[in-house]
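Remarks on the overall topology
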Amino acid sequence: NSKTVKLYVLEKPAFVEQPKDVAFLAGKTGNLYADVIGSKKLIFEWFKSGVPIATTTSNKMTLRKMKAADHGGTYSVKVTNDIGEVTSEDFTVSVVEPVRIDANPTDTGVVSGQSGSLDVTASGGGVLTYQWMKYDAKTRKWTDVLGANGASMEIATMTEADEGKYKCRVSNGPSTYYSKDGD
């Protein structure tokens, strides 16, 4: 009499997708993830600047009350199981201050045919991106103004079609704020 046995296919850990650079807001909580496949039991060893900082059985590592000095830097994760291991490429964690609108655009009158501009002043950590938006009274929706992606929105030649309400969306990745609208 022979006995029935099961045959298992074992897989070494492998990244489905490498961890990407990520930015979090100062003082907040953020999670780092390792998207991997492989046979159980997977062990995750997290590194900052090449130094081990945590070992878990979860593909998630939580960073709490983040400060740039403590949490910002270069990270990697090594994943092991009984038959192998794989280490991620390095990725950067940035900790930034949230976006703040320091000066909103102001209502401005521009003579038809002349040039004009609306300005917003913003601050915050990281790289700030800008996108001006115009309100469409017919659809009651805000739509992006094509090419208007700086702290100032220039109108080369003012026409009636340019008249209306505008606001600016400012982002640094983990935070986005809108200016008050100006006409």
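One structure accompanies this document, and this report is about it. Owing to the predicted nature of the structure, the values given are computational and were not obtained by experimental measurement.

On to unusual backbone geometry, then. Here the bond from K40 into K41 is cis, since omega is -5 degrees, no more than 30 degrees from zero. Summarising the element assignment, K41 is placed in the loop between strand 4 (35-37) and strand 5 (43-48). With a phi angle near 45 degrees, K65 is a residue other than glycine that sits in the positive phi range. Here K65 falls in the exposed class, since its relative accessible area comes to 65%. At R140, a residue that is not glycine, the phi angle is positive and equals roughly 60 degrees. Summarising the element assignment, R140 is placed in the loop between strand 14 (129-136) and strand 15 (141-144). Looking at R140, the relative accessible area reads 68%, which means it is exposed.

Right, let's get into the side chain of N81. Structurally, N81 can be placed in strand 8 (residues 73-81). In this structure N81 comes out as buried when scored by relative accessible area, which is 11%. Reaching out from N81, the side chain makes a polar contact with the backbone oxygen of S39 at a distance of 3.0 Å. Leave out the neighbours within four places in its chain, and N81 touches E11, K12, P13, G38, S39, K41 and L42.

What the rule picks out here adds up to 4 salt bridges. As a salt-bridge pair, K78 and E45 come within 3.7 Å of each other at their nearest N and O atoms. Here K78 is found in strand 8, whereas its partner E45 is found in strand 5, with 33 residues between them in sequence. The residue R100 makes a salt bridge to D102 at a minimum N-O spacing of 3.0 Å.

To continue, consider the environment of V170. The topology assignment puts V170 in strand 17 (residues 166-171). Between the alpha carbons of V170 and K60 there is a distance of 29 Å; along the sequence they are 110 residues apart. When residues no more than four places from it in sequence are discounted, the contact partners of V170 are V99, I101, A122, L128, T129, Y130, S175, T176 and Y177.

Another aspect to go through is the packing of aromatic side chains. Applying the stated criterion across every chain, the model contains 2 aromatic pairs. Judged by centre distance (5.2 Å) and plane angle (55 degrees), the ring pair of Y135 and W142 falls under tilted. The class of Y135 is partly exposed, set by a relative accessible area of 27%. Positioned over the ring face of Y178 is K167, at 4.8 Å from the centre of the ring.

Moving on to the side chain of H71. Note that H71 resides in helix 1 (residues 68-71). The exposure class of H71 is buried, given its relative accessible area of 14%. Beyond its immediate sequence surroundings of up to four residues, H71 is in contact with K48, L63, R64, K65, M66, V93 and V95.

Cut-offs used in this document
- Position numbers for residues count from 1 along each chain, tracking the sequence in the order it is written.
- Local features in a predicted model are, by the rule used here, given only for residues with pLDDT of at least 70; side-chain atom pairs are given and counted only at 80 or more, and totals for whole chains, interfaces and linings are based on all residues.
- To obtain the side-chain values, all non-hydrogen atoms of the structure were used and water was disregarded.
- Here a strand is any run of E in DSSP of at least two residues, a helix any run of H or I of at least four, and the numbering for each starts at the N terminus.
- Think of it in three bands: residues with accessible area under 20% of the maximum for their type are buried, residues over 50% are exposed, and the middle band is partly exposed, with areas taken using a 1.4 Å probe on protein chains only.
- N or O atoms closer than or at 3.5 Å make up a polar contact, with two conditions inside protein: a donor-capable atom paired with an acceptor-capable one, and, for residues adjacent in sequence, both atoms drawn from side chains.
- Here, residues are in contact when the closest pair of their heavy atoms is within 4.5 Å.
- Just to be clear on terms, a salt bridge is a Lys or Arg side-chain nitrogen sitting within 4 Å of an Asp or Glu carboxyl oxygen.
- What counts as a ring pair is set by centres within 6.5 Å for rings of Phe, Tyr and Trp (its six-membered ring), and what kind of pair is set by the plane angle: stacked under 30 degrees, edge-to-face over 60, tilted for all other angles.
- Look at NZ for Lys and CZ for Arg. If either is within 6 Å of the ring centre and within 35 degrees of the ring normal, a charge sits over the ring.

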